[in-house]
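Here is what each chain is made of, one letter per residue.
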Amino acid sequence: MTINDINDLFEEKFSKYKKSISQISLDDSNKKKPIILCKFKNSFFSFDDIAKEYGANEPSTDMIFFDLNKEYIVLVEFKNGKIKSENKPKIKQKFLNSFYIFNKILDIDKQIFWSIKTYLIFVTNKEKNVGQEQYCNYKIDSLGILNYLRNDITLYDFAKYKPWYFDEIKTPFCDEIAELMEQEFNIILEEKNEQKRNNI
């Protein structure tokens, strides 16, 4: 099964679960004051919604899309809050849940499944993770920006998940996601104007 086959399968079965990034990145943990982490119009598959159709009771990653050129399955997680050490096991479990659901959807041999290339984009709020921003600046300053670019820095100790879970991992802040999507996948994200929640 090729990446094109998988993309065609998702387009055929799950187009109804396409949502804008604004919708997918909505943090409604505070029902009285929901926050959109990344305000973009572009639509992608809401993997959370797809997982629910497959009876998932545990959380999965928020978004999925397919890079047909580099042949990657791209999983995207949006986190508006501060990333704390005690939350990392739950985040890891999200990744494992996502692989379980994805394998259930494809229904293919496990050896073939694990041969498919995977890419994680873990998007966070810069203002709530100031320490990580300072770490990025330190790495760039100490190693030289010409030799060590921001995209080469993996935050939150996620580098340990390569290559066991993901072939590639990027950990941009929300204000860096547009540049990353263009550079890595040739996808131009369109900003969305402020609107009421019901019209996200």
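Data block above holds the structure.
Novice: Any details on the overall build of the chain? Residues and values, ideally.
Specialist: Scanning the chain for helices and strands turns up seven helices and eight strands. Out of the 200 residues in the chain, the part that is buried amounts to 46%. When contacts within the chain are restricted to residue pairs at least 6 apart in sequence, those whose partners lie at least 24 apart make up 66%. Surface summary for the chain: the accessible area is close to 11400 Å², and the carbon and sulfur share equals 45%.

Novice: Please provide a residue-by-residue account of the sheet that holds strand β7 (residues 117-124), values included.
Specialist: Read across the open sheet, the six strands follow the order β1-β4-β5-β6-β7-β8; overall the sheet is mixed. Both edges of this open sheet fall to β1 (18-20) and β8 (168-170), since each of them pairs with a single strand only. When the angles between neighbouring strand axes are averaged without regard to direction, this sheet yields 35°. Of the strand pairs in this sheet, strand β6 (residues 72-79) and β7 are connected by eight bridges, and their pairing is parallel. Note on β7: the bridge partner recorded for Val74 is Tyr119.

Novice: Describe the pairing of β6, with residues and values.
Specialist: Judged by how many residues are buried, β6 sits mostly within the fold: seven of eight residues are covered. One ladder, built from five bridges, connects strand β5 (residues 63-67) with β6; its direction is antiparallel. Bridge pairing in β6 links Phe66 to Ile73. Hairpin connection between β5 and β6: a loop of four residues separates the two successive antiparallel strands, and Glu71 in this loop has a positive phi of roughly 60°.

Novice: An account of the state of the cysteines is requested, with residue identities and associated values reported.
Specialist: Within the structure shown, the criterion is met by one disulfide. A sulfur-sulfur separation of 2.2 Å characterises the disulfide bridge that pairs Cys38 with Cys174. Here the residue Cys38 occupies a position in the loop between β3 (35-36) and β4 (43-46), and Cys174 occupies one in the loop between β8 and α7 (177-185), the gap between them amounting to 136 residues. Like Cys38, the residue Cys174 is buried in the burial classification.

Novice: So what about the packing of aromatic side chains? Which residues, and what values?
Specialist: Here the structure, examined in full by the defined rule, presents 23 aromatic pairs. A ring pair is formed by Phe113 and Trp114, whose centres lie 5.2 Å apart and whose planes are at 80°; its orientation type is edge-to-face. Across from the ring centre of Phe45, 5.0 Å away, lies the NZ or CZ of Lys18, which sits over that ring. The positively charged end of Lys117 is found above the aromatic ring belonging to Tyr72, 4.5 Å away from the centroid.

What counts, and at which threshold
- Residues numbered from 1 in each chain as written.
- Predicted model: local features only at pLDDT ≥ 70, side-chain atom pairs only at ≥ 80, totals over all residues.
- Heavy atoms only, no water.
- Helix = DSSP H or I, 4+ residues; strand = E, 2+ residues; numbered from the N terminus.
- Buried < 20%, exposed > 50% of the residue type's maximum accessible area, 1.4 Å probe, protein only.
- Contact = heavy atoms within 4.5 Å.
- Areas by Shrake-Rupley, 256 points an atom, 1.4 Å probe, with all protein chains shown as cover.
- Pairing = 2+ DSSP bridges.
- Axes fitted to C-alpha atoms, helices over the stretch in contact; angles between N-to-C directions.
- Disulfide = S-S within 2.5 Å.
- Phe/Tyr/Trp six-rings, centres within 6.5 Å; stacked < 30°, edge-to-face > 60°.
- Lys NZ or Arg CZ within 6 Å of the ring centre and 35° of its normal.

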